[in-house]
Each structure stands twice: as structure tokens, then as C-alpha cells.
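# A closer look at the structure
Okay, here's what each chain looks like letter by letter:
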Amino acid sequence: MSSSIEIYAGQTARKKILEQGFDSALFDVMAGASGGPKWFTLFGLDKYLFGEFFAQRQNPLHTIGSSAGSWRMACLAQKDPLRAIETLAHLYSHTVYSNKPDVHEISDKAEELLKEVLGDSGAKEIANNPIIQSHFIVAKAKGLNQSENKAVQLLGLITAATANSLSRNHIKHFFERYIFHVQNSSFEQSFFQFDDLPTKYEPLTAERVHHTLMASGSIPLVLRGIQSIPDAPKGVYRDGGIVDYHLDLKFNNKGLVLYPHFFPTIKPGWFDKGLKSRNASVDNYDNVVVITPSRSHVKSLPYQKISDRKDFEVLDADSRIKYWQTVLDESHRMADDFQALVEKNQGIDRIIEIESIL
């Protein structure tokens with residue numbers, strides 16, 4: 001019988017899982033990638049992970065995400081993660097814009113959506129959670145990319161993309177990685193320390209949560225950049241996926257990394273999407289377990305694909321909402337198959353070496 005999920009694991013991760021099974025205690029990191037509504041295919045899996053797999057967690061789980069990944073991880077860190085993730089899925093999937101929405105309309109609706117997801121106490125719960133240690137990635141713009149003028153910003157993005165095509169290291173001249181992270185008595189500094197690109201670390205206070213999450217998801221040319229985050233360095237903050245799209249990072253944790261992902265392709269940054277030769281490093285994924293929808297699962301969906309942001313352009317609102325609801329409903333099959341793997345080791349022999357996709 002075909003499964004709705006595929007599991008990819010680095011050598012160290014695969015060895016531990018085969019020896020010990022899918023024990024939640026093996027994991028001390030959970031990661032979430034950028035990708036907008038692509039995450040709908042992970043909705044059921046997120047509910048299982050948030051509501052059962054990690055529900056009785058006693059030791060810190062360090063989460064890290066950019067853009068949509070940050071918003072998902074923000075749901076996990078709230079007192080009622082299921083309410084938060086269900087609110088996010090419902091409001092996002094039912095968002096409707098005018099015929100030609102501008103950045104202000106899209107940004108205003110995103111602001112209202114996030115307010116609903118956080119509710120009255122979500123920001124405090126995230127900032128003060130002793131178990132779920134949140135880390136949200138944001139890109140601080142430089143040069144032309146700070147501008148809200150569409151033509152100027154587009155020129156800045158084209159220049160950044162061209163430089164990035166020559167070397168990923170060049171992205172540092174156009175965007176700077178910022179990580180806003182929870183602080184408590186155990187972790188005064190960021191749990192993650194990255195040296196692949198210049199990185200700044202800022203504490204994630206309750207006052208900063210909403211601004212940081214908006215910044216982490218502020219797609220260039222689509223949403224307004226965030227002009228200020230309380231008490232953070234002045235500047236324009238944009239989508240964290242620009243720098244870290246699929247999180248090609250050296251996590252340097254002792255345990256394993258659980259990484260639910262939309263598909264078996266891992267691109268370092270936003271500008272790397274069209275670069276066939278630019279994929280994540282195998283060395284960074286030695287202790288990572290990636291869960292994706294299987295090819296057969298994707299083929300079973302309407303249009304034989306997962307949801308994505310282009311659906312806003314090619315489908316009318318009613319058709320898009322119906323399609324996205326199907327993706328959300330069918331995502332529970334992934335949760336069921338993963339639960340069978342956790343509880344019965346069903347399919348554990350089919351874990352694929354991650355080198356095959358990197």
C-alpha cells in the first residue's frame with residue numbers, strides 16, 4: 001500500500017531512527033521553511049506534531065523558521081497550538097483580495113490575520129515559553145532593497161539575484177540575516193549560531209513578536225517591509241526566506257532535527273529557486289529527518305500539485321478556496337501515516353538517504 005509521506009534522513013539521523021524508532025525525545029530541533037500556502041499540505045502533520053508527538057515535551061525544543069515557517073512555529077509555541085494553527089489555516093485559505101490588490105491591501109490583511117492567530121496572549125506565550133524555544137529568521141534590507149518604490153526595489157532585487165547567482169555569499173551585500181530568539185534562564189543567547197553568512201541575534205520579547213513575524217513573512221514587492229521592530233536596529237526588515245528559504249543551515253545540535261517540508265527539494269535562499277546546481281549541503285543534513293508528501297499523494301490532489309501563491313492569480317476565489325480546502329483535508333492522511341510510523345514502525349524500512357535529494 002502506498003504511503004502519503006516520504007522520509008529522508010541524513011546518515012546519523014537514519015541510523016538513530018532505525019535503532020530507536022521515531023521517539024520524540026530524539027529531536028531537539030524542529031524547522032520550518034518559507035513557501036506561503038505550500039504549507040497547507042503539512043497542516044494535518046503539524047496538528048499531530050503539535051497536539052500529540054511533542055505535546056508532553058519536558059525538555060526544550062528549539063524551533064527555527066522563516067516566513068510561513070516562522071508563522072507555523074509561532075503557532076506551536078502558543079498555549080493552545082491547535083487553535084492557533086487551525087486559525088492560521090482557515091483565515092489564510094479563505095483570504096480574498098480585490099481584482100488588483102496592492103501591497104497595502106495585502107499587508108493590511110496579513111496584519112489582521114496575524115492578530116487573530118496571536119489572539120490576546122499569543123505574543124507573551126511565545127516569548128515566555130520555557131519548552132518551545134522560538135527562533136524567527138528575518139532579512140534586513142540594504143541599499144535599493146530598502147525602498148518601497150516598486151521600480152527601485154525591483155532593481156535592487158535583480159541586482160541581488162544576479163550577484164547571488166555567482167555566489168550565495170554575495171547575498172550579504174544586499175540582505176543581512178537577523179534571528180529573533182526567545183531568551184530565558186537556560187538560553188540567554190540564541191541556541192543557534194551560524195557562520196555561513198553574517199548573522200545578528202536579537203531577543204524575542206512579547207513586544208517584538210508581531211513585528212518580527214510580519215517582517216519574516218514580508219515578501220518583497222508583495223507586502224510592505226517592516227520599517228521598525230521595537231528597540232531593534234533601525235532599517236527595513238523583509239521576508240526571512242530571502243536569505244534562508246529552505247534552511248540550508250548547520251544546526252550544530254546534539255539531537256536530531258525534524259523538518260516537515262513541502263517537497264523533496266531544498267534550496268538555500270529565495271534567489272536560488274531557479275538555480276538547478278544550488279542545493280543544500282549534505283553536511284548540514286547529517287542529523288536531519290525530512291518528511292514530505294509522497295509523489296502519489298501529490299498526484300491525488302486537484303491539479304496534481306500542492307497549493308502555492310500562484311493560485312491567487314490563476315484561480316477565481318471560489319475555486320481556489322475549494323481546492324485549498326481539499327489540500328488541507330487530505331493533509332491528515334500524512335498525519336495518519338506518520339503516526340503509524342511512530343507507533344508501529346510502519347514503513348520505517350523505507351527511510352531514504354537524504355543524499356538522494358541534495
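Relevant structure appears above.
Residues numbered from 1 in each chain as written. Predicted model: local features only at pLDDT ≥ 70, side-chain atom pairs only at ≥ 80, totals over all residues. Heavy atoms only, no water.

## Some details on the layout of surface pockets
The following threshold applies: Grid spacing is 1 Å over the protein atoms alone, the probe is 1.4 Å, and a cavity is where that probe fits but cannot get out, while a pocket is an open set with protein on both sides within 12 Å along at least five of seven lines and lining residues have an atom within 4 Å of a point. Grid points are joined across faces, edges and corners, and a volume is the space filled by probe spheres set on the points. Numbering goes from the N terminus for both helices and strands, where a helix is a DSSP run of H or I of at least four residues and a strand is a run of E of at least two. Three categories are distinguished: nonpolar for Ala, Val, Leu, Ile, Met, Phe, Trp, Tyr, Cys and Pro, charged for Asp, Glu, Lys and Arg, and polar for the others, with Gly belonging to the last.
The volume enclosed by the largest pocket comes to roughly 980 Å³. Lining the largest pocket we find 38 residues, and of these Y97, I106, V222, R309 and F312 sit closest to its centre. Sorting the residues of the lining of the largest pocket by element identifies α3 (68-76), α4 (81-93), α5 (103-118), α10 (311-314) and α11 (317-344) as the ones contributing at least two each. Residue contributions to the lining of the largest pocket peak at 5 residues, all from α5. For the lining of the largest pocket, the residue count by class is 22 nonpolar, 6 polar and 10 charged. There is about 400 Å³ of room inside the second largest pocket. Split by residue class, the lining of the second largest pocket holds 6 nonpolar, 4 polar and 7 charged.

## A closer look at the environment of D196
Cut-off, in case you're wondering: Note on definitions: a residue-residue contact is assigned when non-hydrogen atoms from the two residues lie within 4.5 Å. The definition of a polar contact used here is a pair of N or O atoms within 3.5 Å, where within protein one atom must be able to donate a hydrogen and the other to accept one, and adjacent residues in sequence count solely through side-chain atom pairs.
Along the chain, the position of D196 falls in the loop between β5 (175-181) and β6 (199-203). In sequence terms D196 and G347 are 151 residues apart; their C-alpha atoms lie 35 Å from each other. Those residues in contact with D196 that sit more than four places away from it in its chain are R168, N169, R177, D248 and L249. At 2.9 Å, the side chain of D196 forms a polar contact with the side chain of R177.

## Here's the deal with the packing of aromatic side chains
Geometrically, a pair of aromatic rings is defined through the distance of the ring centres and the angle of the planes. The following threshold applies: Ring pairs are drawn from Phe, Tyr and Trp, using the six-membered ring of Trp, whenever the two centres fall within 6.5 Å, and their geometry is named by plane angle: stacked under 30 degrees, edge-to-face over 60, tilted for the rest. Each residue is assigned to one of three classes by its accessible area relative to the maximum for its type, calculated with a 1.4 Å probe on protein chains only: buried under 20%, partly exposed between the two thresholds, exposed over 50%. The criterion is that NZ of a Lys, or CZ of an Arg, lies within 6 Å of the ring centre and within 35 degrees of the ring normal, and then a charge sits over that ring.
Tallying each qualifying case throughout the model produces 24 aromatic pairs. An angle of 90 degrees between the planes, with centres 5.6 Å apart, marks the rings of Y178 and Y237 as edge-to-face. Taken together, the residues Y178 in strand β5 and Y237 in strand β7 (residues 237-238) connect sequence positions 59 residues apart. The two residues Y178 and Y237 agree in class, both being buried. When the centroid spacing of 6.1 Å and the interplanar angle of 75 degrees are considered together, the rings of F262 and F263 count as edge-to-face. By relative accessible area, which is 26% here, F263 ends up partly exposed. Through pairs of rings, three or more aromatic residues link up here, namely W39, F40, F43, Y92, Y97, F312 and W324. Against the face of W324 rests R320, its NZ or CZ located 4.8 Å from the ring centre.

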